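# Inside the fold
These are the residues of each chain, in order.
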Amino acid sequence: MPDTPRVGVGVILRRPDGAFLVGERKGSHGAGQLALPGGALELYETVRQCATRETLEEVGVRVPEDAWRAPFAVAEAVIDANNHWITIFALAHVDADVKFENMEPHKCAGWSFTRARDVANAPDEGVFLPLRLLLRDANANVDEARVPDGFVVNGDGVYEPA
């Protein structure tokens with residue numbers, strides 16, 4: 001086991017109806033479980049840079065760095081003897097008709113939008129631990145995460161004054 005925890009970034013792509021993107025993990029720890037897009041924070045990379053990179057790499061959606069609400073939440077997860085992670089969650093609002101693609105089919109069975117209550121009601125063994133912890137965090141209400149008052153999300157997914 002590494003002698004220090006690793007840092008990951010979990011990406012919450014949230015539509016106006018409150019649904020967010022999840023996929024089924026393949027070929028890694030958490031295989032068969034629902035998880036958010038995301039991955040390891042690279043050396044000297046900001047959370048927003050990582051969220052933008054991972055979103056493009058995994059689902060083919062370009063979200064500008066300044067569109068992320070980060071950190072949205074933080075969770076610590078000891079997944080197994082080799083995986084102790086601190087996950088920083090970043091949230092971006094996307095259009096209702098956002099087009100995404102499974103860019104890494106060897107790592108994910110497919111992506112779909114779902115609601116927090118549906119994931120929260122799934123059996124624990126079907127939900128990747130960092131996502132489970134996020135949904136149990138009373139301070140991180142994914143369903144209630146709204147675009148700040150006085151702002152709209154433009155076609156590039158960036159907050160701008162209304």
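Data block above holds the structure.
Residues numbered from 1 in each chain as written. Predicted model: local features only at pLDDT ≥ 70, side-chain atom pairs only at ≥ 80, totals over all residues. Heavy atoms only, no water.

## Observations concerning the layout of surface pockets
Space inside the largest pocket adds up to approximately 620 Å³. Residue assignment for the lining of the largest pocket shows that the elements contributing at least two residues are β1 (6–14), β2 (20–25), β4 (38–40), α1 (47–59), β6 (83–93), β7 (108–114) and α3 (129–136). Taken together, the residues of the lining of the largest pocket break down into 13 nonpolar, 10 polar and 9 charged. (1 Å grid on protein atoms, 1.4 Å probe; cavity = no way out; pocket = protein on both sides within 12 Å on 5 of 7 lines; lining within 4 Å. Points joined across faces, edges and corners; volume = space filled by probe spheres on them. Helix = DSSP H or I, 4+ residues; strand = E, 2+ residues; numbered from the N terminus. Nonpolar A, V, L, I, M, F, W, Y, C, P; charged D, E, K, R; others polar.)

## Overview of α3
Restricting attention to buried positions, one finds in α3 the residues Pro 130, Leu 131, Arg 132 and Leu 134. Tucked inside the fold, the buried residues of α3 contact β1, β2, β3 (34–35), β5 (69–80), β6 and α2 (116–120). (Buried < 20%, exposed > 50% of the residue type's maximum accessible area, 1.4 Å probe, protein only. Contact = heavy atoms within 4.5 Å.)

## Quick look at the environment of Ala 96
One can find Ala 96 in the loop between β6 and β7. Not counting chain neighbours up to four residues away, the residues in contact with Ala 96 comprise Arg 15 and Pro 16.

## Observations regarding the pairing of β2
Looking at chain direction, β2 and β7 are connected through 5 bridges and run antiparallel. Among the inter-strand pairings, Leu 21 is bridged to a residue of β7, identified as Phe 113. Relative to β3, β2 runs antiparallel, the two being bridged by 2 bridges. When the bridges of β3 are listed, Glu 24 appears paired with Leu 34. (Pairing = 2+ DSSP bridges.)

## A word on the nonpolar core
Core analysis: the biggest nonpolar cluster contains 21 residues, and Leu 13, Val 63, Trp 68 and Ala 90 have the highest contact counts within it. Those elements that place two or more of their residues in this core are β1, α1, β6 and β7. For this core, the leading source of residues is α1, giving 4 residues. Within the second largest apolar cluster, 16 residues are counted, among which are Leu 36, Ala 73, Ala 75 and Val 142. (Core = buried A, V, L, I, M, F, W, Y, C linked by side-chain atoms within 4.5 Å.)

## Details of the packing of aromatic side chains
Summed over the entire model, instances satisfying the criterion amount to 1 aromatic pair. Their ring planes at 70 degrees and their centres at 5.6 Å tell us that Phe 100 and Phe 113 sit as a pair that is edge-to-face. Placement of the pair is Phe 100 in the loop between β6 and β7 and Phe 113 in strand β7, with a sequence separation of 13 residues. If you follow Arg 15 out to its NZ or CZ, it ends over the ring of Phe 113, 4.4 Å from the centre. The cationic tip of Arg 25 hangs over the ring face of Phe 128; the distance from NZ or CZ to the ring centre is 4.0 Å. (Phe/Tyr/Trp six-rings, centres within 6.5 Å; stacked < 30°, edge-to-face > 60°. Lys NZ or Arg CZ within 6 Å of the ring centre and 35° of its normal.)

## Structural notes on α1
Compared with an ideal rise of 1.5 Å per residue, which puts 13 residues at 18 Å, α1 spans 18 Å between its outermost C-alpha atoms and is within 8% of the ideal. Turning to α1, its buried residues are Val 47, Cys 50, Ala 51, Thr 52, Arg 53, Glu 54, Thr 55, Glu 58 and Val 59. For α1, the secondary structure elements touched by its buried residues are β1, β2, β4, β5, β6 and β7. (Expected span 1.5 Å × (residues − 1).)

In short, the description is geometric, and any link to function would need to be established separately.
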